[in-house]
Amino acid sequence: MTPDDWTQTLTAGPLLAIAAGAVALLLLLIIKVRLHAFVALILVSLLTAVAAGLPAGGIVDVLLDGFGSTLAAVALLVGLGAMLGRLVETSGGATVLTDVLIARFGERRAPLALGIASLLFGFPIFFDAGLVVMLPIVFAVARRLGGSVLLYGLPVAGAFSVMHVFVPPHPGPVAASEFLGANVGIVLIVGLLAAIPTWYVTAYLFGRFAGRRFELPVPEILGRADDAQTANPPRFGAVVGILLLPLLLIFANTGLETAASAGWVDADSGVVAVAGLIGSTPVALLVTVLVAAWVLGRRRGIEGTALEKTLDSALGPVASVILITGAGGMFGGVLRATGIGDALADVLGDLGLPVIVAGFLIAAVLRVAQGSATVALTTAAGLVAPAVAAGGYGSVELAAIVVAVAAGSVVLSHVNDSGFWLVGRFFDMDVRTTLRTWTVMETGIGVMGFAIAWLVFAVA
């Protein structure tokens, strides 16, 4: 029997116990036993699949599907992003940007400036791609000014998170808008109303607090600029242009897709097709790496073996990030395949809560149960769609419901979320510290975003 032919017979109670036990065992193995996270995630994924009753003949396929689907989304972005980051860092480009940033905004406002820049970049670019593009700048500022890397890193990570969760054209809020019949333009406005103050409180202010409480040095994952490079740094405009290039390519693709959906341009035209190819995130990053290799490498006399070694040296440090992130996706995939999230959502859906509250809580339960924010958001939107359709809500109320469901999908990021491992490993945090920083920040984003959405819903 394969997982496709199999039906879960366990009720919500045993499934909840299995999920809780799996998370507890994983934390025990990593924190207390000190088992490597990659091995621990594979082991717990296997045990969870067996305990939940998945057919033995299909367990390995479920594990590989969860692992492979996560790597398909993450490996290219992290690998190419790391190469770009290594070129920007070792060429002295990050130092150039840091000098300009500090000169214009001052040392005290550097975390705020980094966060605002990330909010702007976060419009067209996905969370993980945006984070890896900004990392060399974050690390360079942290080295220059001192203090914990979290002081600068959390405002940046939080900025990409709120934009990815709340604001179209990112896939989660767009899909939820389709499910619930909301106007994407109004969702964009309500999403920004939720995203900006939420970022300021839960990412910027919390980042200042976490930076004082957790003294974390700047990781060496992207290397350092050597003396020969910093003596001949690239121009400020060249570095900014390279960092903006993937954002512009992705934004052009997104804009044309939106125009095609609205009927403003022909969706089958060659221009839209080519823009879709070049503006896809992996291809946009590939183009940017090639341009960076020329501008930051060959034009400045770094070529041949030296350039090849620079690019190759970027992949070793991020191999652990990629594999652990993939294993986190494997764990989440097992939890989805066993039906744990669906069973809990069904129970919650029968409680008779107001639709905006039910949407938030169902998305939150799905997020905690299986890890993926996008899966939690789209599934919860589908579950509450009949109640929303029967409610006769106005356009602003519908947009507020979409944002509330999106808020639920981001809370309590933990060990079954690939993003948890991505951020934790890039900032060189152990599991305990990641739970006390990243998980707290994501939960704050969800709770405050929901409060704003509920306020908008109440006054609409």
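Described in the following lines is the structure provided in the data block. Sequence order sets the numbering: in each chain, residues are counted from 1 along the sequence as written. Two thresholds apply to this predicted model, a pLDDT of at least 70 for residue-level local features and 80 or more for giving and counting side-chain atom pairs, whereas whole-chain, interface and lining totals are computed over all residues. The side-chain values count all of the structure's non-hydrogen atoms but skip hydrogen atoms and water molecules.

## Focus on the nonpolar core
Here, the term nonpolar core denotes a set of buried Ala, Val, Leu, Ile, Met, Phe, Trp, Tyr and Cys residues that are joined through side-chain atoms within 4.5 Å. Three labels apply to residues, based on accessible area from a 1.4 Å probe with only protein chains included: buried if under 20% of the type maximum, exposed if over 50%, partly exposed otherwise in between. F166, F331 and W421 are the most contacted members of the largest nonpolar core, which has 138 residues in total. Only DSSP runs of H or I reaching four residues or more are called helices, and only runs of E reaching two or more are called strands; each is numbered from the N terminus. No other element matches helix α3 (residues 56-90), which puts 14 residues into this core. In contact with F331, not counting residues within four places along its chain, are A22, V23, L26, L41, V44, S45, T48, V415 and N416. The contact criterion used throughout is that any non-hydrogen atoms of two residues lie within 4.5 Å.

## Things to note about helix α19 (residues 418-426)
Here α19 lies mainly inside the structure; seven of its nine residues are buried. Looking at α19, one finds that the buried residues are G419, F420, W421, L422, V423, G424 and F426.

## Brief notes about a nonpolar patch on the surface
Nonpolar side chains (Val, Leu, Ile, Met, Phe, Trp, Tyr) are joined into patches within 5 Å and like charges within 9 Å, using only residues with over 30% relative accessible area and no salt bridge. The Shrake-Rupley method, run with a 1.4 Å probe sphere, supplies the accessible areas, and residue values consider only the shown protein chains as cover. Any Lys or Arg side-chain nitrogen located within 4 Å of an Asp or Glu carboxyl oxygen qualifies as a salt bridge. A cluster of nonpolar side chains, namely Y200, V201 and L205, defines an oily patch on the protein surface of about 240 Å² accessible area. Relative to the helices and strands, V201 is located in helix α9 (residues 184-213). According to the relative accessible area criterion, V201 is partly exposed, its value standing at 38%.

## Describing the packing of aromatic side chains
In summary, the pairing rule links any two rings of Phe, Tyr or Trp, Trp by its six-membered ring, whose centres are within 6.5 Å, and it sorts them by plane angle into stacked for under 30 degrees, edge-to-face for over 60 and tilted for everything else. Here the structure, examined in full by the defined rule, presents 10 aromatic pairs. With a centroid separation of 5.3 Å and 40° between ring planes, the pair formed by Y200 and Y204 is classed as tilted. Note that Y200 and Y204 are positioned in helix α9 at a spacing of four residues, about one turn of the helix. Given the relative accessible area of 8%, Y204 is considered buried. Ring geometry for F206 and F209: centres 6.0 Å apart, planes at 40°, overall tilted.

## Section: the pattern of salt bridges
A side chain with one charge may pair with a side chain of the opposite charge, provided their charged atoms come close. Taken as a whole and judged by the stated rule, the model has one salt bridge. The partner of R367 in a salt bridge is E442, and the shortest N-O contact between them spans 3.7 Å. Placement of R367 in helix α16 (residues 355-370) and of E442 in helix α20 (residues 431-459) is noted, with a sequence separation of 75 residues between them. Each member of the pair, R367 as well as E442, carries the same accessibility label: buried.

## Some points on a positive patch on the surface
A residue counts as positive if it is Lys or Arg and as negative if it is Asp or Glu; His and the chain ends are not included. By convention, the charge on Lys lies at NZ, on Arg at CZ, on Asp at CG and on Glu at CD. On the surface, K32, R34, R213, R432 and R436 cluster together into a positively charged patch. Here R436 lies in helix α20.

## Some thoughts on the side chain of S409
Here S409 shows up in the loop between α18 (395-408) and α19. Assessed through its relative accessible area of 1%, S409 is described here as buried. Polar contact criterion, stated in full: a pair of N or O atoms within 3.5 Å, where within protein one must be able to donate a hydrogen and the other to accept it, and residues adjacent in sequence count only if both atoms are side-chain atoms. Within the structure, S409 has its side chain in polar contact with the backbone oxygen of A406 (distance 2.6 Å). Apart from residues lying up to four places away in sequence, S409 is in contact with V165, A363, R367, A373, A376 and L377.

## A look at the packing of helix α5 (residues 110-121) against helix α6 (residues 127-145)
For the pair α5 and α6, the least separation of the axes is 11 Å and the interaxial angle reads 175°. Classified by the angle between their axes, α5 and α6 sit roughly antiparallel to one another. On α6, the residues touching A110, L114, S118 and F121 of α5 are M134, I137, V141 and L145. Polar here means any residue other than Ala, Val, Leu, Ile, Met, Phe, Trp, Tyr, Cys and Pro, which are nonpolar, and Asp, Glu, Lys and Arg, which are charged; Gly is therefore polar. Its residues assigned to classes, the contact of α5 with α6 shows seven nonpolar, one polar and no charged. Fitted lines through C-alpha atoms give the axes, limited to the stretch in contact for helices. The angle between two N-to-C directions lies from 0 to 180 degrees. Between 65 and 115 degrees an angle is taken as roughly perpendicular, under 35 as roughly parallel, over 145 as roughly antiparallel, and anywhere else as oblique.

## Observations regarding the environment of T11
Residue position: T11 is located in the segment before α1 (12-32). Residues T11 and G339, 328 residues apart in the sequence, show an inter-C-alpha distance of 9.7 Å.

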